[in-house]
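# Tertiary structure, described
Single-letter residue listing:
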Amino acid sequence: MEREDNTTGLAVMEQDDIRRALTRIAHEIVERNHGIENLAIIGILTRGKPLADRIAKTLHSIEDRMPSCGALDIGLYRDDFTSNPVDRPAPHPTDIAFNINDKDIVLVDDVLYTGRTVRAAITALLDLGRPASIQLAVLLDRGHRELPIRPDYVGKNLPTSLDEHVKVSLMEVDGIDQAVILRPDGSR
Amino acid sequence: MMNLLTLRETSSDQIHYLLDTALSFVEIINRPVKKVPNLRGRVMVTLFYENSTRTRTSFEVAAKIMSAEAINVAIAQSSVSKGESLKDTLRTIQALKADCIVIRHSSSGTAQFAADHLQIPVINAGDGRHEHPTQGLLDMLTIQKHKGDLRGLKVAVVGDVAHSRVARSNIWGLTKMGASVTLVGPSTLMPHDVSELPVTLSTSLKQGLEGADVVNVLRLQTERQERGLLPSLREYSKLYGINSRTLRYAKPDALVLHPGPMNRGVEITADVADGLNGIHSAIEEQVSHGIAVRMAALYMLMSVPSSSVAQQMGDRI
Amino acid sequence: MRTVLKNGRVVDPSQALDQIADILIEDGRIAAILSPNSEQADAEIIDISNRVVTPGLVDIHVHLREPGFEYKEDIESGSRAAAAGGFTRVCCMPNTNPAIDSASVVGHILSRSAQVGYSRVHPIGAATRAMEGDQLTEMAELQEAGVVAISDDAFPLQNSETVRRCMEYCAMLGLPLLTHNEDKQLTHKGSMNEGGVSTMLGLPGMPRVSEDIAVARNILLSELTGCHLHLLHISTAGTVDLLRKAKAKGLNVTGEACQHHWALTDKACLNYNTDAKMNPPLRTQEDCDAVIEGLKDGTIDCIVTDHAPHAEYEKEVEFDAAPFGILGLETSFSVAYTTLVLTGHINFSQMVMLMSTKPAALLNLPDGAGTLKVGSVADIAVFDLNESWTVDRKAVQSKSHNTPFHGMKLQGKTCFTMLNGRKVEVN
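As the structure is a prediction and not an experimental result, all values here were calculated from the model.

## Observations concerning the domain arrangement of chain B
Residue and element names in this part refer to chain B.
- Its domain assignment divides chain B into domain 1 (12-131 + 288-303) and domain 2 (133-286).
- With 27 residues of domain 1 in contact, the opposing surface of domain 2 contributes 27 residues.
- At the boundary of domain 1 with domain 2, total buried surface from both sides reaches about 2200 Å², with 63% on carbon and sulfur atoms.
- For the domain 1 face of the interface with domain 2, the top three residues by lost area are R129, E131 and H289, together amounting to 31%.
- The residue R165 makes a salt bridge to E50 at a minimum N-O spacing of 3.0 Å.
- Summed over the shared surface of domain 1 and domain 2, the result is 11 residue pairs in polar contact (both at pLDDT 80 or more).
- Of all the secondary-structure elements, those providing two or more residues to the side of domain 1 that touches domain 2 are helix 1 (12-29), helix 2 (54-65), strand 3 (100-105), strand 4 (122-127) and helix 11 (283-302).
- In terms of residue count, helix 1 provides more of the side of domain 1 that touches domain 2 than any other element does, eight residues in total.

Written out as structure tokens, the structure reads:
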């Protein structure tokens, strides 16, 4: 997916920026939901999962209790099967070890773009049960929505052009916390 | 990967991929609502020239969980000679716009034959005494779940090896993943020449099971006795039956598998089959793992409409 | 009418000839073998410089399928395929429908082959009526009608008593008995050689011992009856050994081998290629080596094709369900030259001996078959030993296409044959 050659990255969030953004999001979640009794945090695989874990940990420190936490694979819900599965890594299992019925769910992902991933995640979630509500938290919102989807919690709004690519790296997956914007032509 | 015909011709990378994928699908099978939409609008045809309830049902369940249509074409063995040729039947099904054919046939090589004559993916659901790759995969998935890594494990396959497609798929799959395989059974039910297979042979149950981490018990077709390959089921049971006593020849934590359907009291006793008295039997688990590996196979072969798979895979095969 | 085959390399083992020479043909017979570039007035000159000329090849084991299975092959297409492969005579097996078990069928084959005129055809009579293995055929009448031997090919006699009676009767008439050697109990449902490859493919096997047992029985019965026993399509090291011992003992036993039984192994069945399915089946390298050794030391008397055409739709089926048999006439010469002569196992003269002189003598074929001696009928073959070609299953004279040699690169190719001194036009 990433073309590392012939692209230049411009860091838009460093480690501390990410930490602060997630802390703020956690506080907003508590505020909006009047606590976390009925809350579950579910990360969309792959990079939504560590973000969800971090938010959950922060919620724990704020409210002194751990919210239910899970991971959601949306590979089987994608609408863009144009490449053979063998060209992609094997799917990760969804890991939601609790009943989602009547829960207030916060879906977590790294970048919000067209909205198709979130659409797939909502469908996948509804196949597992009937939550009371679904909210959306993202680290970066880069715009260019193709579906009527909007985030409830945003780490950073990032205006981009269509030919740019936004890449979030996280310690748990990539060994570094960073968000960069990549341009195909090497300008700037 | 365009077809799943044999584990002999499947690379260890592909086997890894199939097992990893199947493992991720186990979660879906255990959901209250077992449905994902990824193969919506695709058609899987099962073409069975031999009776088989469990394999066919397993493929149908796998397809339906992933929202594909599952159509069964059952053809009575007796009418084959009078009816249309296999080639014509296959091409008809393809013309009916199936996206994948799952075939079971009593003649070895039939799945390959189907693949040679079709542009759509073919999955071998058992051809004669040749191979039954999804059974091999589900055995491996089950072993992996209980034993972790397959590398270094010793697997004993016990029984009617000569006529067993399960045995052949076990042999290729397991050895590619680093396990060793010993075939155990009476000489009349052993292949006469195993020079092309990576296995060791033993006609002694005691020797064959020695140090075994897994005992895969094959079904004994009772007609073998009628064809004069066995003096009696009683003697077979006495020499090669797996019971709580003979299982002690293997490692204490040995895992027992059986592809089913079982002849209780012939090749396996009830207490072993049901995992009583501390025996590790994974026979029922194998059935649900069967669904997961068949989902993985369908996922790999049917995710992209067959026409574009053919184009994409052109340079890969 | 005079014709001169000019300046070719004449190889005729019947008179120990291997030299550049001209062959003068008069009135359909060999009139003289002259030193090269001889001056001949009033003669048609065919320049065959850089070519070899031999007695027309003789194949004593083919299936022409007529009458009854003309959709696979008929006398016209089969004898044309023979001519394309350098053969001027073929002996056709009796498993037609009706079988060659009556004088009328023999008559039909003889008149039909004379009419089409691509190569001579000598019928072989069935051992039992309708090849059912019970009642003997009227062999004396068959002999009178023109059969050159008796055979049970394709339906091997299982009952030893029947074989004994058959041999006694053949011995009385001076007819050779050509046996397909197979104990059917041991090959029950088998479709390829029993061995490592059949284990891997999961195909029911035909053990080598099934051939050896039948060979041993037939040799013992030949010893008992004095019948000339000829072993068809030898495929195992065991058979070669039994034949060698029988010959050492002075018994009246001979044998033949097919190109595929030394040039291919059972590995050709990988991928379930039904064009590699025949009976006896392709065996192991050890057997191939034994067959080659048998050809070298004279244990095996001749090379045949067992040309057995089957329609495409009959072979395009499950391996188990496919009929046994493969084409042979159009590849035999080139396969033998490439795999026996170019590899140094035998010399070219020995090869001509095995493919013409010896088989003609074995069945006492008339009119000086298998020789270029002066006075013999001018049945001649001309080859280009330098031409390389690749076998293409679609490019054959036969009606069928079932050759396992498809795609194989071979050296040596037939230029043309002559019957009665007249060039045979294949195309």
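## A few points about the interface of chain C and chain B
- Each partner contributes residues to the interface: chain C has 19 residues there, and chain B has 26 residues.
- Roughly 1800 Å² of surface becomes buried between chain C and chain B when both sides are summed, with 53% attributable to carbon and sulfur atoms.
- Together, T199(C), M200(C) and E318(C) form the three largest contributors to the area buried by chain C at its contact with chain B, with a combined 35%.
- On the surface where chain C and chain B come into contact, there are two salt bridges.
- A salt bridge links E196(B) to K267(C); the shortest N-O distance between them is 3.7 Å.

## Quick look at the side chain of T338(C)
Residues and elements named next belong to chain C.
- Structurally, the position occupied by T338 is in helix 11 (residues 332-341).
- In terms of polar contacts, T338 uses its side chain to reach the backbone amide nitrogen of Q411, at 2.9 Å.
- Ignoring anything within four residues of it in the chain, the contact list for T338 reads T343, K409, L410 and Q411.

The rules behind the values
- Residues numbered from 1 in each chain as written.
- Chains lettered and ligands numbered in written order.
- Predicted model: local features only at pLDDT ≥ 70, side-chain atom pairs only at ≥ 80, totals over all residues.
- Heavy atoms only, no water.
- Domains from an automatic or database assignment.
- Contact = heavy atoms within 4.5 Å.
- Buried area = accessible area lost by both parts, 1.4 Å probe.
- Salt bridge = Lys/Arg side-chain N within 4 Å of Asp/Glu carboxyl O.
- Polar contact = N/O pair within 3.5 Å; in protein donor to acceptor, adjacent residues only side chain to side chain.
- Helix = DSSP H or I, 4+ residues; strand = E, 2+ residues; numbered from the N terminus.

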